[in-house]
Amino acid sequence: MAKQKKAKTIGELKKAGYRPVSIREEMRRNLIAALKKGQKIFPGIIGFDDTVIPQIINAVISGQDIIFLGERGQAKSRIMRLMVNLLDEEIPVIKGCEINDDPFNPICRACREMIEKEGDDTEIVWMPRSERYGEKLATPDIAINDLIGDVDPIKVAEGRYLSDELTIHYGLIPRANRGIFCINELPDLPERLQVGLFNLMEEGDVQIRGYRIRLPLDVLLVASANPEDYTNRGRIITPLKDRYGAQVKTHYPTTIEDEITIVEAERRQFSDDDLECYVPRYMKEIIAEITHLARSSSDINQRSGVSVRTSIANYETVLSNAIRRAVTIGEKVAIPRISDLPYIQASTGGKIELESFEETKEDKVISDLTRRAVLKVFNRYYDIDEFQGIINQFNGGFSVETSDTRPAKAYISIAREMIGLTDMTNRVVDSERPEELAAAMEFAFEGLHLNKKLNKSRSGDKTIYGK
Ligand SMILES: [Zn+2]
């Protein structure tokens with residue numbers, strides 16, 4: 001809007017033909033324009049194109065407040081923050097106003113008095129959309145003055161009356177006027193605050209220290225909640241629940257493919273890496289599969305959910321263990337393999353909640369999930385019957401030793417000795433790098449073991465596969 005010569009006063013703004021609109025009209029107008037141009041509305045959000053995003057679009061077109069229902073780690077916060085992109089790049093506000101007053105329709109007394117005195121010379125500033133988003137995590141100890149406001153004792157001491165709105169110190173929501181305000185974990189908001197919030201949004205007035213104050217704010221309210229808390233009777237007062245026009249249910253990635261895409265986009269990357277890293281496709285699938293299996297495991301508390309962050313952290317961990325190996329023994333490329341998987345205990349442990357409270361059980365749950373994931377992915381790549389020749393060699397007395405510290409070169413001699421092995425590993429390797437071959441061999445041996453074709457024993461940090 002009028003970028004070439006930005007208005008600096010109310011008079012200039014009038015001359016430029018500025019017409020104020022409510023936040024709902026503004027978002028709706030910009031959304032429809034973006035849809036017409038075929039723009040991606042929520043860039044970087046994966047797997048929600050046919051489920052969550054159409055519902056958000058409908059809610060914005062309807063001008064509805066939105067509550068997002070979902071377990072942890074379902075990109076709820078990210079989506080809510082991205083809604084800022086539907087706002088104008090900048091809007092004019094009265095200079096110095098604490099609640100971003102519209103120059104043509106000021107709410108606060110201070111602005112109204114200023115305009116009475118200065119008229120068209122009243123100064124305005126342009127507020128970028130990045131500043132028009134506020135959020136707060138609801139906790140039982142949150143107070144009304146945090147959210148809505150309080151009487152400022154200094155202003156009272158200056159001789160103002162308590163009922164005078166000039167004595168208010170505004171809270172987070174009034175400060176988000178003409179913007180988006182998000183309350184995370186809404187059911188945890190104490191009931192009297194829910195009442196205050198409802199009155200503010202619905203009636204445009206608030207009670208502060210017993211005084212009723214008019215505050216017709218223009219705020220789009222979004223919130224997030226765990227579905228179980230939300231449906232729990234009494235956790236949210238009914239009128240507030242009704243106030244949210246749209247309930248949008250989020251979900252975890254439905255496919256392994258989406259899970260991997262998110263992991264690759266979100267994992268921590270370092271620019272100082274001069275060591276080459278490569279993660280085989282089947283290892284990515286195993287990491288994603290562990291999380292997917294965890295989301296349907298009866299040992300794990302599904303109310304808390306299993307975030308995509310579990311996949312991300314596990315991916316980082318196995319890659320780091322491969323880097324540790326490569327650097328320690330002087331290999332050229334870091335490639336994660338099956339023997340790196342036990343290290344995900346550290347990155348999975350904090351991200352799942354067990355149904356039972358036995359401390360020792362966690363390790364077992366995680367290693368069971370890992371085994372099931374490897375088996376599933378192995379059987380996706382291979383038909384066990386194809387390995388009959390290799391199994392025969394093991395039955396004839398062949399055995400192999402693997403470990404996460406064993407150099408890849410040591411695996412090459414095994415591949416040379418065992419007839420038909422490279423025919424199988426070639427199916428999952430892209431290069432002749434020994435590190436890649438070592439990883440593919442571990443995948444094959446573990447797959448045979450999990451299909452009950454090979455025994456596996458441990459000796460120190462070594463794993464021995466054999467008859
Ligand atoms: Zn104002």
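For the structure, check the block above.
So, how was this worked out
Here, residues in each chain are numbered from 1, in the same order as that chain's written sequence. Owing to the predicted nature of the model, reporting of local features is limited to residues with pLDDT of at least 70; listing and counting of side-chain atom pairs is limited to 80 or more, with chain, interface and lining totals taken over all residues. Side-chain numbers here rest on the full set of heavy atoms in the structure, without hydrogens or water. Here a helix means four or more residues in a row that DSSP labels H or I, a strand means two or more in a row labelled E, and each is numbered from the N terminus. Residue exposure (1.4 Å probe, protein chains only): buried if accessible area is under 20% of the type maximum, exposed if over 50%, otherwise partly exposed. By definition, residues are in contact when any of their heavy atoms lie within 4.5 Å. In this listing, donors mean N, O and S atoms no farther than 2.8 Å from the metal, or 3.2 Å for Na, K and Ca; water is missing from the atoms, so a site can look incomplete. For helices, the fitted line uses only the C-alpha atoms of the stretch in contact; every axis is such a line through C-alpha atoms, and the angle between N-to-C directions lies from 0 to 180 degrees. Here the word oblique covers every angle except those under 35 degrees (roughly parallel), over 145 (roughly antiparallel) and from 65 to 115 (roughly perpendicular). Helix crossings are classified by the rotation of the near helix relative to the far one: an anticlockwise turn of less than a right angle makes the crossing left-handed, while a clockwise turn makes it right-handed. What a helix is expected to span follows from its residue count: subtract one and scale by 1.5 Å. For this analysis, a polar contact is any N or O atom pair within 3.5 Å, provided that within protein one partner can donate a hydrogen and the other can accept it, and provided that sequence-adjacent residues contribute only side-chain to side-chain pairs. A pair of Phe, Tyr and Trp rings is counted when the ring centres sit within 6.5 Å of each other, with Trp represented by its six-membered ring. The angle between the planes then sorts it: under 30 degrees is stacked, over 60 is edge-to-face, the rest tilted. Both a distance and an angle decide whether a charge sits over a ring: NZ of Lys or CZ of Arg must be within 6 Å of the ring centre and within 35 degrees of the ring normal. Only buried Ala, Val, Leu, Ile, Met, Phe, Trp, Tyr and Cys residues count toward a nonpolar core, and they belong to the same one when joined by side-chain atoms within 4.5 Å. Residues were grouped as follows: Ala, Val, Leu, Ile, Met, Phe, Trp, Tyr, Cys and Pro as nonpolar; Asp, Glu, Lys and Arg as charged; and all remaining residues, including Gly, as polar. Think of it this way: DSSP has to see at least two bridges between two strands before they count as a pair. Cavities and pockets were defined on a 1 Å grid built over protein atoms only: a cavity is a set of grid points that admits a 1.4 Å probe from which the probe cannot escape, a pocket is an open set flanked by protein on both sides within 12 Å along at least five of seven lines, and lining residues are those with an atom within 4 Å of any such point. Grid points are joined across faces, edges and corners, and a volume is the space filled by probe spheres set on the points.

Caption draft 1: Broad picture of the side chain of Arg-132. Mapped onto the fold, Arg-132 is located in the loop between strand 3 (124-128) and strand 4 (133-137). Residue classification places Arg-132 among the buried positions, given a relative accessible area of 3%. Leaving out residues up to four positions away in the same chain, Arg-132 has contacts with Ile-23, Glu-26, Leu-87, Asp-88, Ile-91, Met-127, Arg-178, Gly-179 and Ile-180.

Caption draft 2: The coordination of the zinc ion, seen in detail. The protein atoms donating to the zinc ion are Cys-97 (SG), Asp-101 (OD), Cys-108 (SG) and Cys-111 (SG), with metal-donor distances spanning 2.1 to 2.2 Å. Summarised as a motif, the one-chain spacing of the donors to the zinc ion is C-x3-D-x6-C-x2-C. Here the residue Asp-101 occupies a position in the loop between strand 2 (90-94) and helix 5 (109-118), and Cys-111 occupies one in helix 5, the gap between them amounting to ten residues.

Caption draft 3: Region of the structure containing the packing of helix 12 (residues 256-266) against helix 14 (residues 308-329). At a closest axis distance of 9 Å, the pairing of helix 12 and helix 14 adopts a crossing angle of 60 degrees. By the criterion of interaxial angle, the relationship of helix 12 to helix 14 is oblique. Note that helix 12 runs across helix 14; the crossing there is right-handed. Facing helix 12, whose interface residues are Glu-259, Ile-262, Val-263, Glu-264 and Glu-266, helix 14 presents Val-308, Ser-311, Ile-312 and Tyr-315.

Caption draft 4: Helix 14, seen in detail. End to end, helix 14 covers 32 Å across 22 residues, agreeing with the expected 32 Å (1.5 Å per residue, within 8%). Of the residues that open helix 14, the one with a side-chain oxygen 2.8 Å from the backbone nitrogen of Arg-309 is Ser-307. Immediately downstream of helix 14, the backbone of Gly-330 shows phi near 75 degrees, a positive value.

Caption draft 5: The arrangement of the packing of aromatic side chains in detail. For the coordinates displayed, the defined rule picks out twelve aromatic pairs. Aromatic side chains Tyr-381 and Phe-443 sit 6.0 Å apart centroid to centroid with 85 degrees between the ring planes, which places their arrangement in the edge-to-face category. One end of the pair, Tyr-381, is in helix 16 (residues 361-381); the other, Phe-443, is in helix 20 (residues 434-450), with 62 residues separating them in the sequence. Sitting over the face of the ring of Tyr-252, Arg-295 holds its NZ or CZ atom 4.1 Å from the ring centroid. Positioned over the ring face of Tyr-278 is Arg-433, at 5.1 Å from the centre of the ring.

Caption draft 6: Examining the nonpolar core more closely. Ranked by internal contacts, the top residues of the largest apolar core, which has 62 residues, are Tyr-282, Ile-286, Phe-387, Phe-443 and Phe-445. Sorting the residues of this core by element identifies helix 12, helix 13 (281-294), helix 14, helix 16, helix 17 (388-395), helix 18 (409-417), helix 19 (421-425) and helix 20 as the ones contributing at least two each. Counting residues per element, this core draws most heavily on helix 20, which supplies ten residues. Counting residues in hydrophobic clusters, the runner-up holds 40 residues, among them Ile-148, Phe-198, Leu-215 and Ala-225.

Caption draft 7: Quick look at the environment of Met-418. Of note, Met-418 is situated in the loop between helix 18 and helix 19. Judged by relative accessible area, Met-418 falls into the buried class, the value being 1%. Along the sequence, Met-418 and Pro-342 sit 76 residues apart, while their C-alpha atoms lie 27 Å from each other.

Caption draft 8: Geometry of the packing of helix 18 against helix 20. Where helix 18 contacts helix 20, the axes come no closer than 9 Å and their chain directions differ by 60 degrees. Classed by the angle they form, the pair helix 18 and helix 20 counts as oblique. Two packed elements cross with a definite hand, and for helix 18 against helix 20 that hand is left-handed. Within the contact between the two elements, helix 18 uses Tyr-411, Ile-412, Ile-414 and Ala-415 and helix 20 uses Pro-434, Leu-437, Ala-438, Met-441, Glu-442 and Phe-445. Among the residues making up the contact of helix 18 with helix 20, the classes are represented as nine nonpolar, no polar and one charged.

Caption draft 9: Region of the structure containing the sheet that holds strand 4. Pairing in this open sheet of five strands is parallel, and the strands run 4-7-10-1-11 from one edge to the other. Both outer strands of the open sheet, strand 4 and strand 11 (246-249), are each paired with one neighbouring strand and no more. Ignoring which end each strand starts from, the neighbouring axes of this sheet average 20 degrees apart. As defined by bridge partners, strand 1 (residues 66-69) adjoins strand 11 across four bridges and the pair is classed as parallel. Paired with Ile-66 across the bridge in strand 11 is Ala-246. Of the strands in this sheet, strand 1 and strand 11 touch helix 3 (residues 52-62), which is tilted by about 165 degrees from strand 11.

Caption draft 10: Molecular detail of the layout of surface pockets. The calculated volume of the largest pocket comes to roughly 730 Å³. Around the largest pocket sit 35 residues that line it, and Gly-73, Gln-74, Ala-75, Ser-307 and Arg-309 are the ones nearest its centre. Residue assignment for the lining of the largest pocket shows that the elements contributing at least two residues are helix 4 (76-82), helix 12 and helix 14. The element contributing the most residues to the lining of the largest pocket is helix 14, with five residues. Across the lining of the largest pocket, the residue classes tally to eleven nonpolar, eleven polar and 13 charged.

Caption draft 11: Quick peek at helix 20. With 17 residues, helix 20 extends 24 Å from end C-alpha to end C-alpha; this agrees with the ideal 24 Å at 1.5 Å per step. Counting buried residues in helix 20 gives 16 out of 17 residues, a clear majority hidden from the surface. Phi for Lys-452, located one or two positions after helix 20, is positive at around 65 degrees.

Caption draft 12: Seen up close, the sheet that holds strand 15 (residues 455-459). With antiparallel pairing, the three strands of this open sheet are ordered in space as 14-16-15. Two strands close off the open sheet at either side, each with one partner strand: strand 14 (400-402) and strand 15. Sheet twist, expressed as the mean angle between neighbouring strand axes with direction ignored, is 25 degrees. Here five bridges tie strand 15 to strand 16 (residues 462-466), and the two strands are oriented antiparallel to one another. Bridged to Lys-456 within strand 16 is Tyr-465.

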